[in-house]
Number of protein chains: 2
Amino acid sequence: MNTVVTLLQSQLGSIVSTDQDELEACRLDRSGHRSESAPIALVHAATIADVQATMRIATETGTPVVIRGAGTGLAGAAIASHGEIVLSTLGMTRILEISEDDEIAVVEPGLINADLNAALVAKGLWFAPDPASRAISTVGGNIATNAGGLLCAKYGVTRESVLGLRIVLADGRLMSLGHRTVKGVTGLDLVGLMIGSEGTLGVIVEATVKLRRLPQGVPSTIGAYFPTVEAAARASSVISASGLRPAIMELLDPLAMSFIAEHLGIEVRAESFLLVQTDGEGAAAEATGALAIIRSLGGDATLTTDVAEGNRLMALRRSFHPAMEARGTVLIEDVCVPRSTLPAMFHAIGEISARYGVTIATVAHAGDGNLHPNFVYEGSADDGFAVPEHVWTAAHEMFVTALRLGGTLTGEHGVGILKKRWLRDELGDDQVDLQRDIKRVFDPSGILNPGKLFSVADESRPADAAAHGALTE
Amino acid sequence: MNTVVTLLQSQLGSIVSTDQDELEACRLDRSGHRSESAPIALVHAATIADVQATMRIATETGTPVVIRGAGTGLAGAAIASHGEIVLSTLGMTRILEISEDDEIAVVEPGLINADLNAALVAKGLWFAPDPASRAISTVGGNIATNAGGLLCAKYGVTRESVLGLRIVLADGRLMSLGHRTVKGVTGLDLVGLMIGSEGTLGVIVEATVKLRRLPQGVPSTIGAYFPTVEAAARASSVISASGLRPAIMELLDPLAMSFIAEHLGIEVRAESFLLVQTDGEGAAAEATGALAIIRSLGGDATLTTDVAEGNRLMALRRSFHPAMEARGTVLIEDVCVPRSTLPAMFHAIGEISARYGVTIATVAHAGDGNLHPNFVYEGSADDGFAVPEHVWTAAHEMFVTALRLGGTLTGEHGVGILKKRWLRDELGDDQVDLQRDIKRVFDPSGILNPGKLFSVADESRPADAAAHGALTE
C-alpha cells in the first residue's frame, strides 16, 4: 500500500493526506455505519487534473477508490475502509457560470447546495433539489445519490435539475455528458445513468444544472392534528388526488411528535401531525382547498400566512432528526410507496413495531409516498453502532411490505452498503446482473466504490438472519 | 432467410406477415428516407409472449430486428431493410390501469398518444408528452425517442412522464425497470437509459407513465408579428428569462409564414410570427406579461381568450408541415440551442440558406431553443428521395453552428440513420465507444436495430462530402 501512497504523494504533493484523524473520519457517514478500518490515503482534489491523476494511479495499481463529498450520505456509500483511497471533491467549490437567460448554472461538485442557492437568490433563481441536508451537503453528492427532500412532489428530484455532467472515468479520462439545452436526445442518456449511481461509475467533476425562478408570493402553512396516522395519511392522499400541489406535505406520527416535543421542551398533542405548505401565486387558494379537505377528513387544523408562525410549524419537522438522535442510535429508513397506499404502509409499520418490540418513529414526505421510519435502539461505539438482529428483521419485514404495496426499498437515500442485500428482491437477478455489467463497462477493473450498491462477490441475500451482521462491516 | 420466416410462422402463426405491401411500408418512416430493400417478415405482436418468441428466434438465428410502432419517426430509426425482421408493437394497445389517486397509467406500447389522452380526459387527467404527431404516434414510440413537442418548456419531455418500463431483452427475457412511485433510487436508472434509445437496447412492452391534472381555466393566446426573425427570437428569450412560463411558444420565420399562407389560401404579413399560449389558473396574468414584453420589443401583437380565435392562430402553426410538404421534398431538421442563442442561430440559418442556395423555412419551439429548419428540395422516388449533396453540406454547417453555440444535433427527433455520422462530433469518440459498449451489454450479438443511432462499422464521419450519399441508403 505504501507504493500507492508514495505514488499519490509524488504526483499530487500536499493534497494527499495520511493524517490518522482525517482517515478515521472517512470511516463514517450519516448512516450510522462505520467501516472496518481506515483507508490508506485521502486526496483533497482541487482540480479536475487532481482527480484524473488520482484515478490513473488507482487504475495502474488496482487500488479501490471511494469518492466522497461532505459525507452526509445515509446509506454508507461514501465510507471507506482498508486498502482504499478516498477521493474528496469537497474542495472543488467554484461556481463557474450562472446564466440568468438560460436558467442554468455550471458548478463544481464540492459546492454546498445552500451556497449555490445563496449565490442565486439575488437573481431570483433557485436550485430546487432540497435534501434535509442542504446546508451541509454538496451538489455533487446530491447528484450521486439523486437526492430528494421535502419539495419533490412539486419541484422534482435532483434528476430533473441536471442537464449535463463532466465525469472522470476509472482510468482517468475526462468525458462530457449531456448538454446545456432544455432538450437533447443525441445518443443514450448517460447523465441519467450517472445520477444516483453512488460513486460506482465515475467521478462527477462538473455539473450543468437547471435553475428555477424563485416562487413568488407569501407561502401558506397548515398544521393539522389527526386522531390516527392512517387518517392523516388519507388526508394527504386526498390532497394529492384533488390536484392541489403543495410545495411541502410532511406527516409525523404520534411517536415522532412526542419525541420532538420532549426534545424541544414544548407541549404537543399526542396525535399525528400533517404539515402542508403551499407556495407561488396560487398559495392562498391552494391552502384553502387543502384546509377544507383536512377538516372534512377529521383533521384539527390551523392555517397561517404569518412567516414566523409558518417557520415555527416547519421547525417541528426540522427537529425530527435531532430529536431521534437524542433518543438513542437510529437506523433511518427510506421506503417509498404509491401515495394511495400510505395509510396501509403506516398501518404495517405500527404492526411491525409491535411485533418486534422495536421503537419506530416515522416522518413521511407524504406528497411522494416516501416514508422515513426511524428505528431507535441502544447502539454502542464498541461494535461500530451495529444494528441489532431484531431491528434488521423488523426492517426486512418493512422492505418486503413496501415492495408488496408496489413500492421501493429507497426513495431518496440510496442503496450504499445499507440495502445492497435487498437489491435482488426489488430488481430481480437478471436486472442486477445487467446493472453490474453496465458498471463493468465504466469500470472494468472494479476499482470504483467496490461493495457499494452492488455486493463485491455479487452474492445473493443470505437466507439466515445471522448473516445480517455482515452489513455493518 | 426462409428458415427464419419458417421458424417465426411455425411458432407465431398468422401474426407473421410476408405480404409485400406490408413489408414495403416498413422501408419508410416520416424522415423521408427509404431503406435499400424490404425486410423479410413483419411480426404483428399482440402479447408480450409474441415479443419474447420473436426475440428468441432472432437471437437463435442471429437475425436483426427493427422494432416499429406507428412509423412516425423523423430520423429513420424504425425503417427496415433486407435480412431484417420488423417487430411491430402497434397491436399492443391496451390501457392496463389508470390510477387517479396515484396519477399513473399502465399501458401497452402500441397505444396511440391521443387515445390515452381521450381515455383520461373525463378523469381530468392528462399524459403531457405532446409531439406534433400525437394523433398518430404511439406511447412506446414517444418513449423510444424521448419525444418532445410544443409543451416541453412548461411540461417537460417524455423522460419526465415515465416511471417504469417492462422490456424484452434481445434474448427474449422479460425485465421490469423502475417503479410506480414518484421517487425511487434502487440501483442504476435503466428507465432513463431506455428512454430515447431508439430500439437499440430492448423492446418496450409496457410502460407505467406519470399523469398530470389537466390545466384549469381558459388559455390565452397571443399572435405577434415582428419585422425580423432575430427580434422575434429575442422576444421569446426575454419572455422565458422573465420567469413567465407559457405552455406554448412557437416562432415561425417569414418563409414559413408565406408557405403556410399559400397552402391555406389566406393572407398573412411577410414577417416573423411568434405564437404564445398560456394556460392554467394564471393564464391571463401570464399572457398580459408576455404581451407587454412583446410590444416593448417591437412586436405587433393581439391577445385573445376566445377559443375559436386561439384555435385559428394555433392552426397556422399546425399547418407548417403540410405546407412544407406541398412545396417539395423536405429534410426536417431539429437542432436545439440554449434559449439565449436563438437570435444567433436564426441569423446563422439565414446565412447558410443564402450561401448554399437552399430553401430553409424554420419553426422553433422557442421556449426550448429547439429549431426545426426545414430544407425544401426537389426529391425523386427513384433515388429514395435522397437528399442532394449541397443540402447535406448546408445541414452539416448548421449542425456545426448549433454545437458551437452550446447546442445539440437533435432536440427531440433522435439520431436514427439521419444523424449518426455526426454523433462523434457532439459526443466525442470516447463517449460513443462507451455508449456502444453499453449497448453490447443489452444486446451482445448486435441484433437490435443495427446501424441505427450507432454506425454498424462504428465508422467515423467521412471527411469527403461525396460520402454523404451513404446516409440515404
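Residues numbered from 1 in each chain as written. Chains lettered and ligands numbered in written order. Predicted model: local features only at pLDDT ≥ 70, side-chain atom pairs only at ≥ 80, totals over all residues. Heavy atoms only, no water.

## Observations concerning the overall build of chain A
Right, so step 1: A count of helices and strands for chain A gives 16 helices and 18 strands.
Right, so step 2: Computed over the C-alpha atoms, the radius of gyration of chain A is 22 Å, within 12% of the 23 Å expected from 2.2 N^0.38 for a compact globule of 473 residues.
Right, so step 3: Seen through its principal axes, chain A has C-alpha atoms that stretch 70 × 55 × 45 Å.
Right, so step 4: Across the 473 residues that make up chain A, the buried fraction comes to 61%. (Helix = DSSP H or I, 4+ residues; strand = E, 2+ residues; numbered from the N terminus. Rg over C-alpha atoms; globule rule 2.2 N^0.38 Å. Buried < 20%, exposed > 50% of the residue type's maximum accessible area, 1.4 Å probe, protein only.)

## Some remarks on helix 9 (residues 254-264) of chain B
Residues and elements named next belong to chain B.
Right, so step 1: Ala256, Met257, Phe259, Ile260 and Ala261 are the residues of helix 9 that are buried.
Right, so step 2: Along its buried surface, helix 9 packs onto strand 12 (220-226), strand 13 (248-252), strand 14 (272-278), helix 11 (307-318), helix 12 (320-325) and strand 17 (359-365).
Right, so step 3: Two residues or fewer past helix 9, Gly265 is found with a positive phi of approximately 70 degrees. (Contact = heavy atoms within 4.5 Å.)

## Considerations on the sheet that holds strand 2 (residues 41-44) of chain B
All names here are of chain B.
Right, so step 1: The strand order across the open sheet built from four strands is 1-2-4-3, with neighbouring strands paired in mixed fashion. The open sheet is flanked by strand 1 (16-17) and strand 3 (65-68), the only strands paired with a single partner.
Right, so step 2: For strand 2 and strand 4 (residues 85-88), the ladder comprises four bridges, and the chain directions are parallel. Following the sheet pairing, Ala41 is matched in strand 4 by Ile85.
Right, so step 3: In the packing of helix 1 (residues 2-12) onto the sheet, contacts are made with strand 1, strand 2 and strand 4, and the angle to strand 2 comes to roughly 20 degrees.
Right, so step 4: Helix 3 (residues 48-61) rests against strand 2, strand 3 and strand 4 of the sheet, and its axis sits at about 165 degrees to strand 4. (Pairing = 2+ DSSP bridges. Axes fitted to C-alpha atoms, helices over the stretch in contact; angles between N-to-C directions.)

## Thoughts on the interface of chain B and chain A
Right, so step 1: Across the contact, 70 residues belong to chain B and 70 residues belong to chain A.
Right, so step 2: Counting each side, the surface lost to burial between chain B and chain A is near 5,600 Å², with a carbon and sulfur contribution of 61%.
Right, so step 3: When residues of chain B are sorted by the area they lose upon contact with chain A, B:Lys183, B:Val185 and B:Leu188 head the list and together hold 16% of the total.
Right, so step 4: For B:Arg339, the salt bridge identified is with A:Glu103, shortest N-O distance 2.7 Å.
Right, so step 5: Our count for the chain B to chain A interface comes out at 32 residue pairs in polar contact (both at pLDDT 80 or more).
Right, so step 6: Of all elements in the fold, only strand 9 (174-178), helix 7 (190-194), helix 8 (229-241), helix 15 (423-427) and helix 16 (429-442) of chain B reach the threshold of two or more residues within the side of chain B that touches chain A.
Right, so step 7: When grouped by side-chain class, the residues that make up the side of chain B that touches chain A number 24 nonpolar, 28 polar and 18 charged. (Buried area = accessible area lost by both parts, 1.4 Å probe. Salt bridge = Lys/Arg side-chain N within 4 Å of Asp/Glu carboxyl O. Polar contact = N/O pair within 3.5 Å; in protein donor to acceptor, adjacent residues only side chain to side chain. Nonpolar A, V, L, I, M, F, W, Y, C, P; charged D, E, K, R; others polar.)

## Digging into the UniProt feature "domain: FAD-binding PCMH-type" (unreviewed entry) in chain A
Right, so step 1: Within the UniProt annotation, "domain: FAD-binding PCMH-type" (unreviewed entry) is assigned to residues 35-214 of chain A.
Right, so step 2: Span residues 35-214 of chain A is 21% helix and 25% strand, its end C-alpha atoms 41 Å apart. (UniProt positions renumbered as here; feature names shortened; annotations may be inferred.)

## A word on the sheet that holds strand 4 (residues 85-88) of chain A
Residues and elements named next belong to chain A.
Right, so step 1: Taken in spatial order, the four strands line up as 1-2-4-3 in an open sheet, and their pairing is mixed. Looking at the sheet topology across the chains shown, the edges are occupied by strand 1 (16-17) and strand 3 (65-68).
Right, so step 2: Sheet topology places strand 1 next to strand 2 (residues 41-44); two bridges connect them, and they run antiparallel. Each residue of the ladder has a partner; that of Ser17, found in strand 2, is Leu42.
Right, so step 3: Contacting strand 1, strand 2 and strand 4, helix 1 (residues 2-12) crosses the sheet at an angle of about 20 degrees to strand 2.
Right, so step 4: This element, helix 3 (residues 48-61), spans strand 2, strand 3 and strand 4 of the sheet and lies at about 165 degrees to strand 4.

## Remarks on helix 8 (residues 229-241) of chain A
All names here are of chain A.
Right, so step 1: Helix length check: helix 8, at 13 residues, gives a terminal C-alpha distance of 18 Å against a target of 18 Å (1.5 Å per residue), a fit within 8%.
Right, so step 2: Along helix 8, 10 of the 13 residues are buried, which leaves the element largely enclosed by surrounding structure.
Right, so step 3: Of all the positions in helix 8, only Val229, Ala231, Ala232, Ala233, Ala235, Ser236, Ser237, Ile239, Ser240 and Ala241 are classed as buried.
Right, so step 4: Positive backbone phi, approximately 95 degrees, marks Gly243, located one or two places after helix 8. (Expected span 1.5 Å × (residues − 1).)

## Re the pattern of salt bridges
Right, so step 1: The full count for this structure, using the stated rule, is 54 salt bridges over all chains.
Right, so step 2: A salt bridge links B:Lys183 to A:Asp368; the shortest N-O distance between them is 2.9 Å. In this pair, B:Lys183 is assigned in the loop between strand 9 and helix 7 and A:Asp368 in the loop between strand 17 (359-365) and strand 18 (370-377), connecting two distinct chains. Side by side, B:Lys183 and A:Asp368 carry an identical accessibility label, which is buried.
Right, so step 3: Between A:Asp433 and A:Arg424 there is a salt bridge, with its nearest N and O atoms 3.2 Å apart.

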